[in-house]
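So you can see what is in the structure, the chains are spelled out below.
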Amino acid sequence: QVQLVESGGGSVQAGGSLNLSCAISGYTERGYCFIWFRQAPGKEREAVAAMDDDGTRRYADPVKGRFTVSLDNFANTLYLQMNNLKPEDTAMYYCAADRWMTAFQALGPRPPRPKVWGQGTQVTVSS
């Protein structure tokens, strides 16, 4: 089974950058979609970026132009490069995966819940 482990979170000042990593194991099937979610205190979980393993990418409006999702198939690692971080980006960030999902669906208004989740990594952005 696919397993996901996030890392790379931390505390930064506004305007700073972080690069989150999601180590993927047990990934042998084609057609997976990988998604970065975040959830801040008092807010609902939201998908911020998604990537199909064919290279298709989608982003939520609040992170467009600042975040970049990528998948290194050789290293079996999903990344989320976060630049120009804002305090509103403060949240627990999770990577998730689902073979039956597409990046387009993942960033839609009511996307299905991915089947596989990591445990999360905390990102805190101070003013």
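Throughout what follows, the structure given in this document is the object of discussion. On a predicted model such as this, the values are computed, not experimentally measured, just so you know. (Residues numbered from 1 in each chain as written. Predicted model: local features only at pLDDT ≥ 70, side-chain atom pairs only at ≥ 80, totals over all residues. Heavy atoms only, no water.)

### As for the nonpolar core
Formed by 30 residues in total, the largest nonpolar core has its most connected members in W36, L78, L80, M82 and Y93. Looking at this core, the elements that each hand over two or more residues are β3 (18–25), β4 (33–39), β5 (46–52), β7 (67–72), β8 (77–82), β9 (91–98) and β11 (121–126). Core analysis: the second largest hydrophobic core is formed by 10 residues, A96, M101, A106 and W117 among them. (Core = buried A, V, L, I, M, F, W, Y, C linked by side-chain atoms within 4.5 Å. Buried < 20%, exposed > 50% of the residue type's maximum accessible area, 1.4 Å probe, protein only. Helix = DSSP H or I, 4+ residues; strand = E, 2+ residues; numbered from the N terminus.)

### Some words on the packing of aromatic side chains
This structure, assessed with the given rule, holds 3 aromatic pairs. Residues Y32 and F34 carry aromatic rings whose centres are separated by 5.8 Å and whose planes lie at 20 degrees to one another, so their mutual orientation is stacked. Side by side, Y32 and F34 carry an identical accessibility label, which is buried. Plain terms: the ring middles of Y94 and W117 are 6.3 Å apart, the flat faces sit at 75 degrees to each other, and that makes the pair edge-to-face. Taken together, the residues Y94 in strand β9 and W117 in strand β10 (residues 116–117) connect sequence positions 23 residues apart. Feature note: the residues F37, Y94 and W117 constitute an aromatic cluster, connected by ring pairs. It is R45 that lies over the ring of F37; its NZ or CZ is 5.5 Å from the centre. Across the ring face of W100, the terminal group of R99 is positioned such that the distance to the ring centre comes to 5.7 Å. (Phe/Tyr/Trp six-rings, centres within 6.5 Å; stacked < 30°, edge-to-face > 60°. Lys NZ or Arg CZ within 6 Å of the ring centre and 35° of its normal.)

### Overview of the state of the cysteines
What the rule picks out here adds up to 1 disulfide. Each sulfur in the disulfide pair C22 and C95 lies 2.1 Å from the other. For the disulfide bridge between C22 and C95, the dihedral angle about the S-S bond is near 70 degrees, and by the sign convention the bridge is right-handed. Of the two residues, C22 sits in strand β3 while C95 sits in strand β9, which places them 73 residues apart along the sequence. For the pair formed by C22 and C95, the shared burial category is buried. Not engaged in a disulfide, the cysteine C33 finds its nearest cysteine sulfur in C95; these two sulfurs lie 12 Å apart. (Disulfide = S-S within 2.5 Å.)

### Section: the sheet that holds strand β1 (residues 3–7)
Strand pairing in a sheet relies on backbone hydrogen bonds, with the paired strands running either antiparallel or parallel. An order of β1-β3-β8-β7 is seen for the 4 strands of this open sheet, with the pairing classed as antiparallel. Sheet topology places β1 and β7 at the edges, where each strand pairs with a single neighbour. For this sheet, the mean inter-axis angle between neighbouring strands, taken without regard to orientation, is 15 degrees. (Pairing = 2+ DSSP bridges. Axes fitted to C-alpha atoms, helices over the stretch in contact; angles between N-to-C directions.)

### Brief notes about the environment of G118
Here G118 shows up in the loop between β10 and β11. The buried category is assigned to G118, whose relative accessible area is 11%. Residues G118 and A23, 95 residues apart in the sequence, show an inter-C-alpha distance of 9.2 Å. If we skip the residues at most four places from it in the chain, G118 touches L4, E6, Y94 and C95. (Contact = heavy atoms within 4.5 Å.)

Just geometry here; none of it tells us what the structure is for.
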